[in-house]
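Coordinate analysis (summary)
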Amino acid sequence: MGSTSRTLEITVLSCEDLRIGRKWVKKNTYVMVRTDPLNYRATKMDTEGGAYPSWNQRLSIEMPLHERFITLEVHCKTASGDKTIGTARMPATDFMGGYLPENYLNFLSYRLRDAKGERNGIVNVSVKANLPEYLSSNDNDKKVSEINACSMTSKPAPAIPIEDGKNFGFVTGIPIWSKNHV
């Protein structure tokens, strides 16, 4: 039977415009990536980037198939303790499903919000969702097509019979409205 999770490769690239209160962050920032409360990974601490830190660090994390969001938390280690600078929720639909090919590398940016819900910077990441083993195959004859692999719940599209019902094809059109049309 199939797996209950898939492996994500998340590369935390950088952050922009980070502040604590109204002051620029000076150093010691890191990002925590969470798929659920017990499953998380963290980057190394950036000690030089200040309000514009960069990590370019790849994290591999398991994401349960039932989860709909990944949480990105940016933290800063200060003399008074560890402070959360901002949080962003990344919808799984941004990098899985839809019309994206399997194992597609997505570059995404999200607005961070502080504890009060106010804007507090941007986090830049890349995400690659690896297919579960039961869907992927190394044998070219058995390879799942990109179209079918994109959506786990894909349904066949409705088709219009062409040439006396012998052939089904798709027609793409753009509606054109004239002045005379009411």
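Quick caveat, the model's predicted, so the values are computed rather than measured.

For the chain, the helix and strand inventory stands at one helix and twelve strands. Accessible surface for the chain amounts to roughly 12,600 Å². Of this, 52% is attributable to carbon and sulfur atoms.

Okay, the confidence of the model for the chain next. For the chain, mean pLDDT is 79; residues scoring 70 or higher make up 70% of the total. Below a pLDDT of 50 lies the segment residues 139-160, which in the model reaches 25 contacts outside its immediate sequence neighbourhood of four places, other chains included. Of the regions scoring below 50 in pLDDT, residues 167-172 engages in eleven contacts with residues more than four places distant in sequence or in other chains.

Within a regular beta strand, the side chains point alternately toward one face of the sheet and then the other, so they alternate between its two faces. Relative to strand β6 (residues 54-64), strand β1 (residues 5-16) is paired through nine bridges, and the arrangement is antiparallel. From the neighbouring strand, Ser 14 faces β6, where its bridge partner is Ser 54. Sheet topology places β1 next to strand β10 (residues 119-129); eight bridges connect them, and they run antiparallel. By the bridge assignment for β10, Glu 9 is matched with Lys 128.

Applying the stated criterion to the full structure yields two salt bridges. Between Asp 17 and Arg 19 there is a salt bridge, and its shortest N-O distance comes to 3.5 Å. For Arg 19, a relative accessible area of 28% translates into the label partly exposed. Residues Arg 34 and Glu 73 are paired through a salt bridge, measuring 3.2 Å at the closest nitrogen-oxygen approach. One end of the pair, Arg 34, is in strand β4 (residues 29-36); the other, Glu 73, is in strand β7 (residues 69-78), with 39 residues separating them in the sequence. Using a relative accessible area of 22% as the deciding quantity, one classes Arg 34 as partly exposed.

For the rest of this paragraph, the subject is the side chain of Asn 28. If you trace the backbone, Asn 28 turns up in the loop between β3 (23-24) and β4. The class for Asn 28 is buried, based on a relative accessible area of 19%. Not counting residues within four places of it along the chain, the set of residues in contact with Asn 28 comprises Met 45, Asp 46, Thr 47, His 75, Cys 76 and Lys 77.

Nonpolar side chains tend to gather and get buried jointly when the protein is soluble and globular. The biggest cluster of nonpolar side chains holds 29 residues, and the ones touching the most others in it are Ile 10, Ile 70, Met 90, Phe 95 and Val 125. Among the secondary structure elements, those contributing two or more residues to this core are β1, β4, β6, β7, β8 (81-91), β9 (105-113) and β10. Met 90 has contacts with Arg 68, Phe 69, Ile 70, Leu 72, Phe 95, Leu 108, Tyr 110, Val 125 and Val 127, leaving out every residue within four places of it along the chain.

Using the criterion set out here, one finds one aromatic pair in the structure. The ring of Tyr 40 is capped by Arg 34, whose NZ or CZ atom sits 4.9 Å from the centre of that ring. The ring centre of Phe 69 lies 4.0 Å from the NZ or CZ of Arg 89, which sits over that ring.

Here we take up the environment of Phe 95. In this structure, Phe 95 sits in the loop between β8 and β9. Phe 95 sits in the buried class, given a relative accessible area of 3%. Once the C-alpha coordinates of Phe 95 and Leu 108 are considered, the two residues, 13 residues apart in sequence, prove to be 8.9 Å apart. Beyond its immediate chain neighbours, meaning those up to four positions away, Phe 95 contacts Leu 8, Met 63, Ile 70, Met 90, Leu 100, Asn 106, Val 127 and Ala 129.

So, on to unusual backbone geometry. Excluding glycine, a negative phi dihedral is what most residues carry, and trans is how most peptide bonds are arranged. Residues other than glycine seldom take positive phi values, yet Asp 17 does so here, at roughly 60°. By the secondary structure assignment, Asp 17 is in the loop between β1 and β2 (19-20). Asp 17 gets classed as partly exposed once you look at its relative accessible area, which sits at 25%. One non-glycine residue, Asn 28, lies in the positive phi region at around 65°.

Criteria and cut-off values
- Residues numbered from 1 in each chain as written.
- Predicted model: local features only at pLDDT ≥ 70, side-chain atom pairs only at ≥ 80, totals over all residues.
- Heavy atoms only, no water.
- Helix = DSSP H or I, 4+ residues; strand = E, 2+ residues; numbered from the N terminus.
- Areas by Shrake-Rupley, 256 points an atom, 1.4 Å probe, with all protein chains shown as cover.
- pLDDT = per-residue confidence, 0-100.
- Contact = heavy atoms within 4.5 Å.
- Pairing = 2+ DSSP bridges.
- Salt bridge = Lys/Arg side-chain N within 4 Å of Asp/Glu carboxyl O.
- Buried < 20%, exposed > 50% of the residue type's maximum accessible area, 1.4 Å probe, protein only.
- Core = buried A, V, L, I, M, F, W, Y, C linked by side-chain atoms within 4.5 Å.
- Phe/Tyr/Trp six-rings, centres within 6.5 Å; stacked < 30°, edge-to-face > 60°.
- Lys NZ or Arg CZ within 6 Å of the ring centre and 35° of its normal.

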